[in-house]
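This is what each chain is made of:
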Amino acid sequence: MTTLNTEVDNWKALPWKRFQKVVFRLQTRIFKARKNGDRKLVTKLQKLLLNSKAAKYLAVRQVTQLNQGKATAGVDGKTALNCKERMQLAQDLAKSWKKWEHRKLRRVSIPKKDGTKRKLGIPTIGDRAYQCLLKFALEPAAEATFSGDSYGFRPGRGAHDVQKSLFDKLRSSSNGITKMILEMDIEKCFDRISHQAILEKTELPKVALKGLRLAIKAGVRGEYPSSKEGTPPWGRNFPTFSQYSLGRNRRLFQE
């Protein structure tokens, strides 16, 4: 008979550093293959990553222990998982990620500075782990072709990179005397973004792309049976694949 302490020890004893190296190595190969335009190799490597034990356990660990919103409940009411439940969730992902049934979202209203409220759709812990698994495979392929002038929620990029870019482009010795700064805001971006546009630009194996479609069209429990547009801005809590890099490897994704 296993005790709670035994389950905790088993979870902590998992080779987390090796898991990180396995996932990062595959992500690096996906990034390089997409840079070289080899779509077939990208798909093959993404399948390897999605089927890897390491990615399943890291996804569960991310959403249950590391994310800021780890204690936020979905429609199932679960705010936390113990070590035994984490193990079980990782095993469930391993067995059924190809046929994952995404549940409805729970609607939460967040007050904004202007007095209005922003509505967020909260997936269950299991659904967040599934989404995180898809992100592991999707992000390196997307990063290979993404704009070099974009800095928000990007791997290996942050506020200091924006500051350096602005300094280089706005100082008196650059780009002539006349300069202009344009500030724009895409109104209700997450609320109105086209699902079809997202899916057309997403590079994932067919089975994972089908799962992504089900996730973004899950709808809100008690309000919308299925979403037709928009997506909950929940993925920003997920890790970027550069977080699994070490030192000099991080520069690879800033080229």
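Just so we're clear, the structure is a prediction, and the values are computed from it rather than from any experiment.

## Topic: the environment of Val-207
With respect to the helices and strands, Val-207 occurs in helix H10 (residues 206-216). Judged by its relative accessible area of 31%, Val-207 is partly exposed. Sequence separation between Val-207 and Lys-99 is 108 residues, and the spatial gap between their C-alpha atoms is 8.3 Å. Those residues in contact with Val-207 that lie beyond four places of it in its chain are Trp-97 and Lys-98.

## A word on the pattern of salt bridges
Summed over all chains, the structure comprises six salt bridges. Note that Arg-34 is salt-bridged to Glu-203, the shortest N-O span being 2.9 Å. Residue Arg-34 is located in helix H2 (residues 16-35), and its partner Glu-203 is located in the loop between helix H9 (195-200) and H10; the two are separated by 169 residues in the primary sequence. Each member of the pair, Arg-34 as well as Glu-203, carries the same accessibility label: buried. Among the ionic pairs, Arg-39 bridges to Glu-203, the shortest N-O distance being 3.9 Å. Separated by 164 residues along the polypeptide, Arg-39 in helix H3 (residues 39-50) and Glu-203 in the loop between H9 and H10 bring together distant segments of the chain. Taking relative accessible area as the criterion, Arg-39 reaches 48% and is therefore assigned partly exposed. By sharing partners, the salt bridges in this structure join Arg-34, Arg-39 and Glu-203 into a single network.

## Things to note about the packing of helix H4 (residues 53-66) against helix H5 (residues 83-96)
Working note: a packed helix pair is described by the angle between its axes plus the distance between those axes. At a minimum axis distance of 9 Å, the contact between H4 and H5 shows a crossing angle of 135 degrees. The angle between H4 and H5 falls in the class oblique. Crossing handedness for the pair H4 and H5: right-handed. Residues Lys-56, Tyr-57, Val-60, Thr-64 and Gln-65 of H4 touch H5, and the partners they reach there are Arg-86, Met-87, Leu-89, Ala-90, Gln-91, Leu-93 and Ala-94.

## Quick notes on the nonpolar core
Core analysis: the biggest nonpolar cluster contains 41 residues, and Trp-11, Leu-49 and Tyr-57 have the highest contact counts within it. If you list the elements that add at least two residues to this core, you get H2, H3, H4, H5, helix H6 (125-143) and H10. It is H6 that provides the largest number of residues to this core, a total of nine residues. Non-local contacts of Leu-49, meaning those with residues more than four positions away in its chain, are made with Val-23, Leu-26, Gln-27, Ile-30, Ala-55, Phe-136 and Ala-137.

## A short note on the confidence of the model for the protein chain
Mean pLDDT over the protein chain: 84, with 87% of residues reaching 70 or higher. Least confident of the elements in the protein chain is helix H8 (residues 189-192), whose mean pLDDT is 75; most confident is H3, at 97. Of the regions scoring below 50 in pLDDT, residues 242-255 engages in 25 contacts with residues more than four places distant in sequence or in other chains.

## A word on the packing of H2 against H4
Where H2 contacts H4, the axes come no closer than 9 Å and their chain directions differ by 115 degrees. Relative to H4, the element H2 is oriented roughly perpendicular. For the element pair H2 and H4, the recorded crossing hand is left-handed. Each of Trp-16, Phe-19, Gln-20, Val-22 and Val-23 in H2 lies in contact with H4, whose residues at this interface are Lys-53, Ala-54, Ala-55, Tyr-57, Leu-58 and Arg-61. Tallied by class, residues from the contact of H2 with H4 come to eight nonpolar, one polar and two charged.

Parameters and conventions
- Residues numbered from 1 in each chain as written.
- Predicted model: local features only at pLDDT ≥ 70, side-chain atom pairs only at ≥ 80, totals over all residues.
- Heavy atoms only, no water.
- Helix = DSSP H or I, 4+ residues; strand = E, 2+ residues; numbered from the N terminus.
- Buried < 20%, exposed > 50% of the residue type's maximum accessible area, 1.4 Å probe, protein only.
- Contact = heavy atoms within 4.5 Å.
- Salt bridge = Lys/Arg side-chain N within 4 Å of Asp/Glu carboxyl O.
- Axes fitted to C-alpha atoms, helices over the stretch in contact; angles between N-to-C directions.
- Parallel < 35°, antiparallel > 145°, perpendicular 65-115°, else oblique.
- Left-handed = near helix turned anticlockwise from the far one by under 90°.
- Core = buried A, V, L, I, M, F, W, Y, C linked by side-chain atoms within 4.5 Å.
- pLDDT = per-residue confidence, 0-100.
- Nonpolar A, V, L, I, M, F, W, Y, C, P; charged D, E, K, R; others polar.

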